Amino acid sequence: MTEFFTTVPDRIPYEGPDSDNPLAFRWYDADRVVAGRRMEDHLRFAVCYWHSFASDGADIFGEGTWDRPWLDDASDPLGAARHKMAAAFEFFEKLGQPYWCFHDRDIAPEGADFAESDANFAVMVDEAAAHMERTGTRLLWGTANLFSNRRFQAGAATNPDPELFAYAAAQVCQCLDATHRLGGENYVLWGGREGYETLLNTDLARELDQLGRFFHLVVEHKHAIGFEGKLLIEPKPFEPTKHQYDFDVAAVHAFLQKYDLMGEVHVNIEVNHATLGGHDFAHEIAAAFAAGIFGSIDANAGDDRLGWDVDRFPVSVEQMTPAMFEILRGGGLGSGGLNFDAKLRRQSIARDDLFHAHIGGMDTMARALLAAAMLLDDGGLKGARTERYRGWEGDLGRRIMAGDESLESLRDHTLEAAEPQPLSGRQEQLENLVARAVERAR
Ligand code: XLS
Ligand code: NI
Ligand code: NI
């Protein structure tokens, strides 16, 4: 097998916080038990195929910069796809993360028509099955690319032309089957171009109905083939369209309720999508757990001053700790995982940069997990929150929630009652608790 990452050892070792080895983990220790579970089972890391292997670093102003020889091989697209996959699995084996994720068109080249694209895909799914068997890497999720090709310029399920709806359905049919065959634990549907640019040409109500119909077809097919993984929508507020229909967790929750999809579809929350939507990442996680639709995470980071999806690798333990805390508080990732939907900067052109990026991302999330577990254990945060709502355990609170009070009865109560006494929200004190956990997590 061709060795692509020749300067990197066979396996990235764990060497502990005092290590100066740039190609070693300092915090991610797969077998270490934290809050009752091995770190690997808590974090369920995945590497994404699209940014790391299918892209060449091109941006809207300039051509690709990264050293990716398989992308140049245009005369033999399937040969190039095999070469790309060999490099990807070499990377996975060396990094040692348990999972990967792909789009159908990342792993196999688009053909002259659907039948040829599908035949290419079948070849590469076989190839992936063999690599997975050999290396033990598992599939966190698969997904269909329903946005790159120009045929999808006006959307997939929400397209004004039903032929495009059919095309998208055909692709999802094949990709869901492949995900099932590869033992995928989830199947993701990011909205891609399901949104609009202008109402002058858009029938918003009709497009949402089409989207609801599409999801029912996916749910029916999932059950027909016996796929037991979760179906996940990935909310994003905008980009590429100005108005994406799956804006955020709350919008997806409303959509799932309106189209009777609750229990069948969950969410894949991406950090940079949450922040673009004007939310804290932790808010989106808490909103998903509250709605009963939490599914999985696309781990990355935005940039405080750039208003687009920059997909950096996560580097801030301070930012990730409150999010990991919400995940633990919600009961953990379940069948979801932390997929690095993140890309190198355009100037990071050396082969081993891909390792440094993932090592940093994994160490950041591992350390955030340690800090979050400490917060969960310490009781300070939990106690403060319980205390804050203590009134609801009393007689009045219970009667209100049981439906035993009316506006009038509450007016009568308030006429007699003493003036309510506000209590401190203690935000700064609680923030100090978080800072202490970040400091002490080891
Ligand atoms: C784009 C999305 C995409 C999905 C998979 O912003 O994050 O990469 O994760 O289609
Ligand atoms: Ni994503
Ligand atoms: Ni994204």
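Residues numbered from 1 in each chain as written. Chains lettered and ligands numbered in written order. Predicted model: local features only at pLDDT ≥ 70, side-chain atom pairs only at ≥ 80, totals over all residues. Heavy atoms only, no water.

A.B. asks: Can you help me understand the packing of aromatic side chains in this one?
C.D. replies: Working definition: an aromatic ring pair is given by the centre-to-centre distance plus the angle between the planes. Applying the stated rule across the entire model yields 27 aromatic pairs. Ring plane angle 70 degrees and centroid distance 5.6 Å describe the contact between Phe53 and Phe91, whose orientation is recorded as edge-to-face. One end of the pair, Phe53, is in helix α2 (residues 49–54); the other, Phe91, is in helix α3 (residues 77–95), with 38 residues separating them in the sequence. Grouping residues by exposure puts Phe53 and Phe91 together as buried. When the ring of Phe89 is compared with that of Trp100, the centres are 5.2 Å apart and the planes differ by 70 degrees; the resulting orientation is edge-to-face. In this pair, Phe89 is assigned in helix α3 and Trp100 in strand β4 (residues 99–103), connecting sequence segments 11 residues apart. By the burial criterion, Phe89 is buried, and Trp100 matches it. An aromatic cluster is built from Phe4, Phe5, Tyr49, Phe53, Trp70, Phe89, Phe91, Phe92, Trp100, Phe102, Phe121 and Phe355, whose rings are joined through pairwise contacts. (Phe/Tyr/Trp six-rings, centres within 6.5 Å; stacked < 30°, edge-to-face > 60°. Helix = DSSP H or I, 4+ residues; strand = E, 2+ residues; numbered from the N terminus. Buried < 20%, exposed > 50% of the residue type's maximum accessible area, 1.4 Å probe, protein only.)

A.B. asks: Where do I start with the coordination of the nickel ion (ligand 2) in this structure?
C.D. replies: A metal bound by six donors in octahedral fashion has ideal angles of 90 or 180 degrees, whereas one bound by four tetrahedral donors has an ideal angle of 109.5 degrees. Donor atoms from the polypeptide that bind the nickel ion (ligand 2) are Glu234 (OE), Glu270 (OE), Asp298 (OD) and Asp341 (OD), placed at 2.0 to 2.1 Å. Because the angles between the six donor atoms bound to the nickel ion (ligand 2) fall within 78 to 178 degrees, the donor set is best described as octahedral. Along the chain, the residues donating to the nickel ion (ligand 2) fall in the pattern E-x35-E-x27-D-x42-D. In this structure, the nickel ion (ligand 2) lies 3.9 Å from the nickel ion (ligand 3), and both are coordinated by Glu270. With a gap of 64 residues between them, Glu234 in strand β8 (residues 230–234) and Asp298 in strand β11 (residues 294–298) connect regions that are remote in the sequence. For the residue pair Glu234 and Asp298, the accessibility class agrees, reading buried in each case. (Donors = N, O, S within 2.8 Å, 3.2 Å for Na, K, Ca; no water. Tetrahedral: all angles 85-135°; square planar, octahedral: opposite > 155°, others 65-115°.)

A.B. asks: What am I meant to see in the coordination of the nickel ion (ligand 3) here?
C.D. replies: Within the protein, Glu270 (OE), His273 (NE2) and Asp309 (OD) serve as the donor atoms for the nickel ion (ligand 3), at 2.1 to 2.4 Å. In terms of primary sequence, the donors binding the nickel ion (ligand 3) are separated according to E-x2-H-x35-D.

A.B. asks: Could you clarify how one ought to interpret the sheet that holds strand β3 (residues 45–48) in this entry?
C.D. replies: Two orientations exist for strands paired in a sheet by backbone hydrogen bonds: parallel and antiparallel. Taken together, eight strands build a closed barrel; the order of strands is β3-β4-β5-β6-β8-β10-β11-β12 and the barrel is parallel. Strand-to-strand twist in this sheet, taken as the mean axis angle between neighbours without regard to direction, amounts to 30 degrees. Pairing of strand β10 (residues 265–270) with β11 involves four bridges; the strand directions are parallel. The residue bridging Glu270 from the neighbouring strand is Asp298, located in β11. Here helix α12 (residues 353–378) sits on the sheet and contacts β3 and β12 (338–340); the angle it forms with β12, its principal contact strand, is near 155 degrees. (Pairing = 2+ DSSP bridges. Axes fitted to C-alpha atoms, helices over the stretch in contact; angles between N-to-C directions. Contact = heavy atoms within 4.5 Å.)

A.B. asks: Explain the site of ligand 1 to me, please; I cannot follow it from the model alone.
C.D. replies: The environment of ligand 1 is formed by Trp50, His103, Trp141, Trp190, Glu234, Lys236, Glu270, His273, Asp298, Asp309 and Asp341. In the model, an oxygen atom of ligand 1 is placed 2.8 Å from a nitrogen or oxygen of the Asp341 side chain. In the complex, 93% of the free accessible area of ligand 1, which totals 290 Å², lies under the protein chains. Residue classes in the shell around ligand 1 are distributed as three nonpolar, two polar and six charged. (Near = heavy atom within 4 Å. Polar contact = N/O pair within 3.5 Å; in protein donor to acceptor, adjacent residues only side chain to side chain. Areas by Shrake-Rupley, 256 points an atom, 1.4 Å probe, with all protein chains shown as cover. Nonpolar A, V, L, I, M, F, W, Y, C, P; charged D, E, K, R; others polar.)

A.B. asks: What's the story with the pairing of strand β5 (residues 138–143) in this structure? I'm lost.
C.D. replies: In summary, the side chains of a regular strand alternate between the two faces of the sheet. The element β5 is extensively covered by neighbouring structure, given that five of its six residues are classed as buried. Two elements, β5 and strand β6 (residues 186–190), share two bridges in a ladder whose sense is parallel. Paired with Gly142 across the strands is Tyr187, a residue of β6. In this fold, β5 hands off to helix α6 (residues 162–181), which returns the chain to β6; that crossover is right-handed. (Right-handed = clockwise from strand over helix to strand, strands pointing away.)

A.B. asks: What am I meant to see in the nonpolar core here?
C.D. replies: Side chains of a nonpolar character, in soluble globular proteins, are inclined to be buried together. Grouped together as the largest cluster of nonpolar side chains are 120 residues, with contacts concentrated most on Tyr49, Phe53, Trp100, Ile107 and Ile297. Among the elements that make up this core, the one with the highest residue count is α12 (14 residues). Contact partners of Tyr49, with chain neighbours within four places excluded, come to Ala54, Ala81, Lys84, Met85, Ala88, Phe92, Trp100, Cys101, Phe102, Asp106 and Ile107. (Core = buried A, V, L, I, M, F, W, Y, C linked by side-chain atoms within 4.5 Å.)

A.B. asks: Sorry if this is basic, but what is going on with the pairing of β8 here?
C.D. replies: Counting buried residues in β8 gives four out of five residues, a clear majority hidden from the surface. Summarising the sheet, β8 and β10 pair through three bridges and their orientation is parallel. Its bridge partner being in β10, Leu232 is matched across the sheet by His266.

A.B. asks: Quick question: what am I supposed to make of helix α11 (residues 317–329) here?
C.D. replies: Every α-helical turn comprises 3.6 residues, leaving residues that sit three or four positions apart pointing alike. Given a rise of 1.5 Å per residue, 13 residues ought to cover 18 Å, and the 18 Å separating the end C-alpha atoms of α11 matches this to within 8%. For α11, the complete set of buried residues consists of Val317, Met320, Thr321, Ala323, Met324, Phe325, Glu326, Ile327 and Leu328. Once α11 finishes, Gly331 follows within two positions and takes phi at roughly 110 degrees, a positive value. (Expected span 1.5 Å × (residues − 1).)

A.B. asks: Got a minute to help me understand a negative patch on the surface in this structure?
C.D. replies: On the surface, a cluster of negative charge is made up of Asp56, Glu63, Asp72, Asp73 and Asp76. Inspection of the secondary structure puts Asp72 in the loop between α2 and α3. Using a relative accessible area of 65% as the deciding quantity, one classes Asp72 as exposed. (Patch = residues over 30% accessible without salt bridge, like charges linked within 9 Å, V, L, I, M, F, W, Y side chains within 5 Å. Salt bridge = Lys/Arg side-chain N within 4 Å of Asp/Glu carboxyl O. Lys, Arg positive; Asp, Glu negative; His and termini not counted. Charge placed at Lys NZ, Arg CZ, Asp CG, Glu CD.)

A.B. asks: Even after reading the chapter, I still don't get the packing of α3 against helix α5 (residues 114–135), so can you show me in this structure?
C.D. replies: Helix packing for two helices is described by the angle between their axes and how far apart those axes are. The N-to-C vectors of α3 and α5 enclose an angle of 25 degrees; their axes lie 11 Å apart at closest approach. Here α3 is positioned roughly parallel relative to α5, judged by the angle of their axes. The hand of the α3/α5 crossing is right-handed. Here Leu78, Ala81, Arg82, Met85, Ala86, Phe89 and Glu93 of α3 come into contact with α5, specifically with Asn120, Val123, Met124, Glu127, Ala128, His131, Met132, Arg134 and Thr135. (Parallel < 35°, antiparallel > 145°, perpendicular 65-115°, else oblique. Left-handed = near helix turned anticlockwise from the far one by under 90°.)

A.B. asks: For this particular structure, what's the right way to read the packing of α12 against helix α16 (residues 427–440)?
C.D. replies: Relative orientation of the contacting elements α12 and α16 amounts to 125 degrees, with a least axis distance of 8 Å. With respect to their mutual orientation, α12 and α16 come out oblique. Here the hand of the crossing between α12 and α16 comes out right-handed. Of α16, the residues touching α12 (which contributes Arg367, Ala371, Met374, Leu375 and Asp378) are Leu433, Val434, Arg436, Ala437, Val438, Glu439 and Arg440. In terms of residue class, the contact of α12 with α16 is built from seven nonpolar, no polar and five charged.

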